[in-house]
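# Structural characterization, general
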Amino acid sequence: MQKFDEMYTQLPYDFFSGGKQIRAHYSLYDAWLARQPGDTMAKRRAEAEVIFRRVGITFAVYGDKDEDGAGTERLIPFDLIPRIIPAHEWQALERGLTQRVNALNRFIHDIYHDQEILKAGHIAREQIERNAQFRPEMMGVDVPNQVYSQISGIDIVRAPDAQGKGEYYVLEDNLRVPSGVSYMLEDRKMMMRLFPELFAMHRVAPIAHYPDLLLETLRESSPATTAEPTVVVLTPGMYNSAYFEHAFLAQQMGVELVEGQDLFVKDNFCYMRTTRGPQRVDVIYRRVDDDFLDPKVFRPTSTLGCAGLLDVYRAGHINICNGVGTGVADDKSIYPYVPKMIEFYLGEKPILNNVPTYMGRNKDDLAYMLAHMKELVVKEVHGAGGYGMLVGPASTAAEVEEFKKVVAANPSGYIAQPTLSLSSCPTFVESGIAPRHIDLRPYVLSGKGVQMVPGGLTRVALKEGSLVVNSSQGGGTKDTWILEN
Amino acid sequence: MLSRTADHLFWMNRYTERAENTARLLDVNYQTSLLPQSAAAAQAGWQGLLSISELLPSYKAKHDAITAADVMHFMVRDETNPSSIVSCLSAARENARAVRGTLTTEVWETLNQTWLEVKRMLKAGEFEADPSQFFEWVKFRSHLSRGVTVGTMLMDEALHFMRLGTFLERADNTARLVDVKFHAVESDFFGAASDKDQEYDFYHWSAILRSVSGFEVYRKVYRDVIKPERVAELLILRPDMPRSLHASLNEVVGNLQMVANDQSRETERRAGKLRAELQFGRIDEILATGLHAYLTQFLDRVNDLGNHISRDFLILPSA
């Protein structure tokens, strides 16, 4: 299989080539690395670990105990070698991301209003209405700016195209509660602390203003006409795996971090309980799934949300970001239609590539999936976090046969894609510096317009040969540099 | 500010202060135990320590005899004892974690670092190797949290609730300390009979003073030999002694005024009244009515203040 590396023009790297095999935007870094004494990286990694632990940048792992049996806090593995993208590549990505997220928001608005795209026959009605993420409660509800996904995490990979040239592909759209942006920001802070000399050598585009852009986006999303809308971050609480991020973002924006118990609804407005009595809330940046938002409408046993919240939302007295029901657009069964959406709503040619996708619900596609499963990646349409999937080439014949049965029993529950050879990037692992597979998640903000900071979170599969980058599955992160010319 | 946030801040500082005072108390007991004294006296010392913290029953449930090693183990590293130093530091850190967005980075990192360190030190056996050094460390971590709090936090409600927690806890802890230490020598309170006893008295009272960093303060204020009624006066009535009941109540009243809301009038009145009694009280009157009775009543009223603060500011009112 053809490999594509971010730093080297070919793998395995030939150390005696005199640097000719280094891609141009990595040449300064490569020269710097060559000058470092052997133990530099190990020392800096130890330093990074101490700092992360002291700062408390951790994520909770469900059902895990540390050696003392006391806590469940793990540090996110952070890799010292940056992932570098030249500015011109990023500019194209940025245009493509803006276009894609605009189309996705138009699509969600359409689905909950006139459903033109269904009427035009581009997507089968049952595919929407049978989707568990479709919220009939949202039909006809108007939201500020007609924007549903204020914060979108678009997962992008780089892989060789038919000519063997590196090309970006969108792997997945995350429009519910995409996480990880705090790692993007903390990774950068850590890199600047550990390697100030690298930042003096390179012109790396800054990203530290992300919380400002986020706050601006959330304020623009306020339904009230008040000059100073009250924005809060809603967290499930300190035992949630992403609690660090919730607290971090609330602090960086200077807004309250609330739990469901801090909120209540009165006369169709939502308030938080404060030491000076109730205070009205205009915008909730929620980090809680739809199902838990309002026990009166969704899961009745949930204590993470606030009873009556959905009525307040539907009455236009509060905005919930991301909106309720965005999951209808980030499903793996809807993903193949995104290029169509771009053409349908915007009248434009899609700038970003989709990965070719076979849909189990189409007869021909299903036959192909069953016949070629060994070469494909098969995913459950509602799966997330690297669960409920099969990576054909990495599986045994027995596993493939077993999965065929699973897919045949519920074809519309699965899609398949050719196994992309995700690009790799040099990574500092136990055995030294070795190539590991990576992806990229830029965070796209939609308020009155679309904004983003350059780059995003690069996730890396630390296990050799692995293509799964999720932190719950042993993935790590890298600082992402957009290198200005 | 969210009521829940205020609650976490209040308790975060109560636990930090309690860890410090427990370390102070254990240290003075440990130091005293190094002096020549009878086994009965030593045991009485450790038992007194447990009883002021109201932990005698839970201690006895786990240990047969009262020994220095067992009591220190129970009060320092027993995680099932909610008042042990490790439990307090961990509770302070958990409260901080719940509201880390409200704290400055320095405050959070200080509490988190304290918690990481205490776990490491206990695991490495550093406490057993040198108890005094460990107690000193706990005290200094508490000094550091207080310093980093007043040195970096915006002077708003968050700070006032934290300070309320610190000083309400301190008022409680100092009162308990005075109570147990005076209780121990109640029989011969008004002057010792023999020279031997006077010598014992010196060590006893100077140990108490040291436990609240008050030895040099006493010398400076009174320029006199150490007399028990003056020790009591210093720790109860002096407004310029930072760990005295009077000084603590001044802080409680001051911070309470800063956060006052529509329903806190009664709480302010009670705090003000308690402070006024310290302000205008005299040590001879207090001793005449009985120190133990006085302190018991004081502790009840501090507890009552705590309940009122919870009710007025911290507990989430139902919608």
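What counts, and at which threshold
- Residues numbered from 1 in each chain as written.
- Chains lettered and ligands numbered in written order.
- Predicted model: local features only at pLDDT ≥ 70, side-chain atom pairs only at ≥ 80, totals over all residues.
- Helix = DSSP H or I, 4+ residues; strand = E, 2+ residues; numbered from the N terminus.
- Rg over C-alpha atoms; globule rule 2.2 N^0.38 Å.
- Buried ≥ 20, exposed ≤ 12 C-beta atoms within 10 Å, placed from the backbone.
- Contact = placed C-beta atoms within 7 Å.
- Pairing = 2+ DSSP bridges.
- Axes fitted to C-alpha atoms, helices over the stretch in contact; angles between N-to-C directions.
- Parallel < 35°, antiparallel > 145°, perpendicular 65-115°, else oblique.
- Nonpolar A, V, L, I, M, F, W, Y, C, P; charged D, E, K, R; others polar.
- Domains from an automatic or database assignment.
- Expected span 1.5 Å × (residues − 1).
- pLDDT = per-residue confidence, 0-100.

## Describing the overall build of chain B
From N to C terminus, chain B includes 16 helices and zero strands. Here the C-alpha radius of gyration of chain B, 20 Å, is about what a compact globule of 319 residues would show, namely 20 Å. Here the C-alpha coordinates of chain B stretch approximately 65 × 50 × 35 Å along the principal axes. Within chain B, buried positions represent 47% of all 319 residues.

## With respect to the environment of Asp155(A)
Residue and element names in this part refer to chain A. For Asp-155, the location among the structural elements is in strand S4 (residues 151-160). With 19 C-beta atoms packed within 10 Å, Asp-155 lands in the partly exposed category. For the pair Asp-155 and Val-170, spaced 15 residues apart in sequence, the C-alpha to C-alpha distance is 5.9 Å. With residues near it in sequence (within four places) discarded, Asp-155 still touches Leu-171, Glu-172, Asn-174, Asp-439 and Arg-441.

## Some thoughts on the sheet that holds strand S14 (residues 358-359) of chain A
All names here are of chain A. Within the open sheet, the four strands sit side by side as S14-S17-S15-S16. Their pairing is antiparallel. Among the strands making up the open sheet, the edge pair consists of S14 and strand S16 (389-391). With two bridges joining them, S14 and strand S17 (residues 414-418) adopt antiparallel strand pairing. Paired with Tyr-358 across the bridge in S17 is Ala-416.

## A closer look at the packing of helix H6 (residues 105-123) of chain B against helix H8 (residues 131-152) of chain B
Residues and elements named next belong to chain B. Running from N to C, H6 and H8 point in directions that differ by 170 degrees, and their axes come no closer than 9 Å. On the basis of their axis angle, the class for H6 and H8 is roughly antiparallel. Packed against H6, whose contacting residues are Glu-106, Val-107, Thr-110, Leu-111, Thr-114 and Met-121, the element H8 presents Phe-134, Arg-141, Leu-144, Ser-145, Val-148, Thr-149 and Thr-152 at the interface. Within the contact of H6 with H8, the residues separate by chemical class into six nonpolar, five polar and two charged.

## Section: the domain arrangement of chain A
Think of interface size as the accessible area that goes away when the parts come together; that is how it is often given. Residues and elements named next belong to chain A. Under the domain assignment, chain A is made up of domain 1 (24-223 + 318-350 + 421-483) and domain 2 (356-418). The C-alpha centroid of domain 2 is placed 25 Å from the C-alpha centroid of domain 1. Split into classes, the residues belonging to the side of domain 1 that touches domain 2 amount to five nonpolar, four polar and two charged.

## Side note on the interface of chain B and chain A
With 21 residues of chain B in contact, the opposing surface of chain A contributes 21 residues. Of all the elements in the fold, those that place two or more residues in the side of chain B that touches chain A are helix H1 (3-33), helix H5 (85-98) and H6 of chain B. For the side of chain B that touches chain A, the element with the most residues is H6(B), which contributes five residues. Considering only residue class, the side of chain B that touches chain A consists of eleven nonpolar, five polar and five charged.

## Let's talk about H5(B)
Between its terminal C-alpha atoms H5(B) stretches 20 Å, which fits the 20 Å expected from 14 residues at 1.5 Å a residue. In terms of residue burial, H5(B) counts as a mostly covered element, since 13 of its 14 residues are buried.

## Observations regarding the sheet that holds strand S6 (residues 231-234) of chain A
Residues and elements named next belong to chain A. Read from one edge to the other, the open sheet built from four strands follows the order S7-S6-S11-S12, with strand pairing classed as parallel. The sheet is open, and its two borders are formed by strand S7 (256-258) and strand S12 (319-321), each paired with just one other strand. Taken pair by pair, the neighbouring strands of this sheet meet at an average axis angle of 30 degrees, ignoring direction. Of the strand pairs in this sheet, S6 and S7 are connected by three bridges, and their pairing is parallel. Bridge pairing links Val-232 to Glu-256 in S7. Packing against the sheet, helix H8 (residues 210-220) makes contact with S6, strand S11 (283-286) and S12, and its axis sits at approximately 110 degrees to S6. Where helix H9 (residues 243-253) meets the sheet, it contacts S6 and S7, and its direction lies at approximately 150 degrees from that of S7.

## Brief notes about the confidence of the model for chain A
Predicted confidence across chain A gives a mean pLDDT of 89, with 92% of residues reaching 70 or more. Under a pLDDT of 50 for its full length, residues 63-70 of chain A has, in the predicted model, three contacts with residues more than four places off or in other chains.

## Some remarks on the environment of Asp479(A)
Secondary-structure assignment places Asp479(A) in strand S23 (residues 475-483). Ignoring sequence-local partners within four residues, the contact set of Asp479(A) consists of Pro82(A), Asp187(A), Arg188(A) and Met191(A).

## Examining the domain arrangement of chain B
Residue and element names in this part refer to chain B. According to the domain assignment, chain B contains domain 1 (1-153) and domain 2 (155-319). The centre of domain 1, based on its C-alpha atoms, is set 20 Å off from the matching centre of domain 2. Every contact between the two is made by 30 residues of domain 1 and, on the other side, 28 residues of domain 2. Contributing elements (two or more residues each) for the side of domain 1 that touches domain 2: H1, helix H2 (39-52) and H8. Tallying contributions element by element places H1 first for the side of domain 1 that touches domain 2, with 19 residues. Of the residues assigned to the side of domain 1 that touches domain 2, the class counts are 13 nonpolar, nine polar and eight charged.

## Looking at the pairing of strand S8 (residues 263-266) of chain A
All names here are of chain A. Inspection of the sheet shows S8 paired to strand S9 (residues 269-274) by four bridges, in the antiparallel sense. Following the sheet pairing, Val-265 is matched in S9 by Cys-270. Hairpin connection of S8 to S9: two residues between the antiparallel strands, including Asp-267 at a positive phi of 50 degrees.

## Remarks on the packing of H1(B) against H2(B)
Residues and elements named next belong to chain B. Relative to each other, H1 and H2 sit at 175 degrees, their axes nearing to 10 Å. The angle between H1 and H2 places the two elements in the roughly antiparallel class. Along its contact with H1, which presents Leu-25, Asn-29, Thr-32 and Ser-33, the element H2 presents Ala-42, Gly-45, Trp-46 and Leu-49. Looking at the contact of H1 with H2 residue by residue, the classes come out as four nonpolar, four polar and no charged.

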